[in-house]
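Residues per chain, in single letters:
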Amino acid sequence: MYCVIEKDWLKCLVSDNELLELEHLPTTTVKPVGLEVERNSCFYLVSPKGKRCYQALTELDRRKWMQSLTQSSINALQRASSISQGDLVVRIHTIPGNNTCADCTAPDPEWACIDHGTTICIDCSGVHRSMGVNVSKVRSLLLDNWTEDIILQMEEKGNSKFNEVYESNVMDKITPNSSREERSVFMRNKYMLKAYHKDNPSGTQDT
């Protein structure tokens, strides 16, 4: 199998050019692998379809692939054509749960995490940005351009579906009045440590 980047897409093919996998780069995030992967020169590509592990030929190739995929994703988002911002907000807010912030429940959120398919308020968006694009890809519903593909992928998820998984075991959820420090602790637990995830019943978390 081999992979090529064509416009806004990563295509994975076999030797006879049969297409095996197709990833829309504006909705992806490149992440390094951890100790759970024993093979060399690997990296993760995370998309709304899940997390896939790719292996380059050498460590230098791995770094080049990660840089190329990240830059291609940024370029694709910058080329995105605009739709009416008012129509976009209405459409995104009609997704179940998306009329309030996915983290603190503040009403009428104007920001989104396109890789999670969720909407967030401006206060929580600052914390998401501080965690890095490997955790959350933050975009404004009012200021940024959106493609139809990204909107459709948002519509497949939404705050309600996401939080059924990532807040399954949450006890003390933050509120619109929570401080920056409280938001930071909560979101580190939620997104980075996955302390409230349905697959983490023990709920190990920072305090």
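That block above? That's the structure.
Summary of the structure given here.

The rules we used
- Residues numbered from 1 in each chain as written.
- Predicted model: local features only at pLDDT ≥ 70, side-chain atom pairs only at ≥ 80, totals over all residues.
- Heavy atoms only, no water.
- Salt bridge = Lys/Arg side-chain N within 4 Å of Asp/Glu carboxyl O.
- Helix = DSSP H or I, 4+ residues; strand = E, 2+ residues; numbered from the N terminus.
- Buried < 20%, exposed > 50% of the residue type's maximum accessible area, 1.4 Å probe, protein only.
- Axes fitted to C-alpha atoms, helices over the stretch in contact; angles between N-to-C directions.
- Parallel < 35°, antiparallel > 145°, perpendicular 65-115°, else oblique.
- Left-handed = near helix turned anticlockwise from the far one by under 90°.
- Contact = heavy atoms within 4.5 Å.
- Pairing = 2+ DSSP bridges.

Further remarks concern the pattern of salt bridges. Counted by the stated rule, this structure contains nine salt bridges. With its nearest N and O atoms 2.5 Å apart, the salt bridge here joins Arg-62 to Glu-59. Residue Arg-62 and its partner Glu-59 are both found in helix H1 (residues 59–78); the two are separated by three residues, about one turn of the helix. With relative accessibility at 15%, the residue Arg-62 sits in the buried group. Glu-59 is the partner of Arg-63 in a salt bridge, and the nearest nitrogen-oxygen pair spans 3.9 Å. With Arg-63 and Glu-59 both in helix H1 and four residues apart, this pair spans about one turn of that helix. Judged by relative accessible area, Arg-63 falls into the partly exposed class, the value being 40%. The class for Glu-59 is partly exposed, based on a relative accessible area of 35%. The network of salt bridges with common partners includes Asp-103, Glu-167, Lys-173 and Lys-190.

This brings us to unusual backbone geometry. The phi angle at Thr-105 is positive, at roughly 70°, despite the residue not being glycine. By the element assignment, Thr-105 lies in the loop between helix H2 (85–93) and strand S7 (111–113). Of note, the phi angle at Lys-194 is positive, near 55°, even though the residue is not glycine. Along the chain, Lys-194 turns up in the segment after helix H6 (180–192). For Lys-194, a relative accessible area of 37% corresponds to the partly exposed category.

Helix-helix packing is described using two parameters, namely the angle between the two axes and the distance between the axes. Orientation of helix H3 (residues 122–131) relative to H6, taken along the N-to-C sense of each, is 55°, at an axis distance of 10 Å. Viewed along their axes, H3 and H6 adopt a mutual orientation that is oblique. When the axes of H3 and H6 are compared, the crossing they make is right-handed. Packed against H3, whose contacting residues are Asp-123, Cys-124, Gly-126, Val-127, His-128, Ser-130 and Met-131, the element H6 presents Arg-180, Arg-183, Ser-184, Met-187, Arg-188, Tyr-191 and Met-192 at the interface.

The next subject is the sheet that holds strand S5 (residues 42–47). What the three strands build is an open sheet, ordered S4-S5-S6; its pairing is antiparallel. The sheet terminates laterally at strand S4 (29–32) and strand S6 (50–55), the two strands that pair on one side only. Taken pair by pair, the neighbouring strands of this sheet meet at an average axis angle of 30°, ignoring direction. In the sheet, S4 pairs with S5 via four bridges, with the strands oriented antiparallel. The residue of S5 that forms the bridge with Thr-29 is Val-46.

We now examine the sheet that holds strand S3 (residues 19–24). Strand pairing in a sheet relies on backbone hydrogen bonds, with the paired strands running either antiparallel or parallel. One open sheet holds the three strands; their spatial order is S1-S2-S3, and the pairing between them is antiparallel. The two strands at the open ends of the sheet, each matched to only one other strand, are strand S1 (2–6) and S3. Averaged over all pairs of adjacent strands, the angle between strand axes in this sheet comes to 20°, irrespective of strand direction.

In terms of residue burial, S5 counts as a mostly covered element, since five of its six residues are buried. Alignment of S5 against S6, held across six bridges, turns out to be antiparallel. Residue pairing across strands places Val-46 opposite Lys-51, the latter belonging to S6. As consecutive antiparallel partners, S5 and S6 are separated by two residues.

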